[in-house]
Amino acid sequence: MHLLITAGPTHEPIDDVRYLGNRSSGQLGMAIALASCQRAWKTTLLLGPSAHQPPTHGLLEVHRFETTQELSDLLDQHWPSCQVLLMAAAVSDYRLPPGSRPAKTPRQDQGLDLHLESTPDLVAGLPRQNNQRIIGFALEEEAELKRRALEKLSKKKLDAIVANPLATMNAPDINAEVFFADGSHRSTEKQAKTDFAHWLLEEVADWLESSAAAGGDK
Ligand code: C5P
């Protein structure tokens, strides 16, 4: 088993000094990466800008990114040799179009209008071999969580999606459910992200085993 996991935010530069980002801390992804190593799975962690230090383990390789483009390049490089991708990174939805980034813009009293383009949907665009599985993450308001998570599961052609409420962001604990593309779902009580990481990988391992037993590759 070789697990690829992405974690943390992306930072999209506005100029040489400022950036657009989000409040993702990367803690959940880092906890999953460590739990994966503790299961003796070879693990590659692609980690965005985070105030937290990534874990260290003999089975863990860590690569850092800042922008969506850097994450995209790392995915192109590492995904072909991995079996499962857990796409926990909080990719920025918008960025300045390439080539339009100025050096430091002086402060202007009249404010600043920015023209932003949408970033490409990385997980939706990834190529896939028969034995590869992709699990996405959805962070939404509680009331819309299930509906939007199921929408993303199908739109992004994922094998499963971890649905978690906005309160997960930058918090030590998580209250999440996993929805699988076959219509099944699994939930657990609110718990520390480190405990959730072990629970999630146990669910993923069971699911891989049962899908292999039921006929294996898609
Ligand atoms: O931001 P959104 O709710 O659409 O994220 C759902 C999933 O899609 C996450 O797994 C996220 O990492 C991924 N994503 C992506 N590229 C984007 C936006 C989100 O791969 N530009």
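So, here is what we can say about the structure in this document. (Residues numbered from 1 in each chain as written. Predicted model: local features only at pLDDT ≥ 70, side-chain atom pairs only at ≥ 80, totals over all residues. Heavy atoms only, no water.)

**Digging into the overall build of the protein chain**
When you go through the protein chain residue by residue, the secondary structure sums to four helices and 14 strands. Here the protein chain has a C-alpha radius of gyration of 18 Å; the compact-globule value for 218 residues is 17 Å, and the two agree. The principal-axis extent of the C-alpha atoms belonging to the protein chain is close to 65 × 40 × 30 Å. The proportion of buried residues among the 218 residues of the protein chain is 45%. A fraction of 60% describes how many contacts in the protein chain between residues 6 or more apart in sequence connect residues 24 or more apart. A total accessible area of about 11300 Å² is found for the protein chain, and carbon and sulfur atoms account for 48% of it. Between the centroid of the 22 positive side chains of the protein chain and the centroid of its 29 negative side chains there is a distance of 2 Å. (Helix = DSSP H or I, 4+ residues; strand = E, 2+ residues; numbered from the N terminus. Rg over C-alpha atoms; globule rule 2.2 N^0.38 Å. Buried < 20%, exposed > 50% of the residue type's maximum accessible area, 1.4 Å probe, protein only. Contact = heavy atoms within 4.5 Å. Areas by Shrake-Rupley, 256 points an atom, 1.4 Å probe, with all protein chains shown as cover. Lys, Arg positive; Asp, Glu negative; His and termini not counted. Charge placed at Lys NZ, Arg CZ, Asp CG, Glu CD.)

**A few points about the packing of aromatic side chains**
The tally for this structure, following the rule as stated, stands at two aromatic pairs. Measuring from centroid to centroid gives 5.2 Å for Phe180 and Trp207, while their planes differ by 45°, and the two rings are tilted. One end of the pair, Phe180, is in strand S12 (residues 177–180); the other, Trp207, is in helix H4 (residues 193–213), and 27 residues separate them in sequence. The same class applies to Phe180 as to Trp207, namely buried. (Phe/Tyr/Trp six-rings, centres within 6.5 Å; stacked < 30°, edge-to-face > 60°.)

**Observations concerning a negative patch on the surface**
Taken together, Glu66, Glu70, Asp73 and Asp76 make up a surface patch of like negative charges. Its place among the elements puts Glu66 in the loop between strand S5 (60–64) and helix H2 (68–78). (Patch = residues over 30% accessible without salt bridge, like charges linked within 9 Å, V, L, I, M, F, W, Y side chains within 5 Å. Salt bridge = Lys/Arg side-chain N within 4 Å of Asp/Glu carboxyl O.)

**Structural notes on the sheet that holds strand S10 (residues 160–165)**
Reading across from one edge, S5-S4-S1-S6-S9-S10-S12-S13 is the order of the eight strands in this open sheet, with mixed pairing throughout. With partners counted over all chains shown, the strands left at the sheet margins are S5 and strand S13 (185–187), one partner each. Taken over all neighbouring pairs, the strand axes of this sheet differ in orientation by 15° on average, direction set aside. Here S10 pairs with S12 via four bridges, running antiparallel. Among the inter-strand pairings, Ala160 is bridged to a residue of S12, identified as Phe180. The strands touched by H2 are strand S1 (2–7), strand S4 (42–47), S5 and strand S6 (84–87); relative to S4, the strand with the most contacts, the crossing angle is about 165°. Lying over the sheet, H4 contacts S6, strand S9 (133–140), S10, S12 and S13, oriented at roughly 140° with respect to S9. (Pairing = 2+ DSSP bridges. Axes fitted to C-alpha atoms, helices over the stretch in contact; angles between N-to-C directions.)

**Describing the site of the ligand**
Inspection of the region around the ligand gives Met87, Ala89, Val91, Thr119, Pro120, Asp121, Leu122, Val123, Gly136, Phe137, Lys152 and Lys156 as its neighbouring residues. In this structure, Phe137 approaches the ligand through a main-chain N or O atom, which is 3.0 Å from an oxygen atom. In the environment of the ligand, an oxygen atom lies 2.9 Å from a nitrogen or oxygen atom belonging to the side chain of Lys156. For the ligand, the accessible surface in isolation is 450 Å², of which the surrounding protein chains cover 87%. (Near = heavy atom within 4 Å. Polar contact = N/O pair within 3.5 Å; in protein donor to acceptor, adjacent residues only side chain to side chain.)

**What about helix H3 (residues 145–155)?**
Listed in full, the buried residues belonging to H3 are Leu145, Ala149 and Leu153. Along the axis of H3, the buried positions cluster into a sector of 65°, meaning they face one direction only. The exposed set on the far side of H3, more than 90 degrees from its buried face, consists of Ser154 and Lys155. Just past H3, the residue Lys157 takes up positive phi, approximately 50°. (Arc of directions from axis to C-beta.)

**Comments concerning unusual backbone geometry**
Located in the positive-phi region is Ala40, a residue other than glycine, with phi close to 70°. Mapped onto the fold, Ala40 is located in the loop between helix H1 (27–38) and S4. Given the relative accessible area of 57%, Ala40 is considered exposed. Unusually for a residue other than glycine, Lys157 sits at a positive phi of about 50°.

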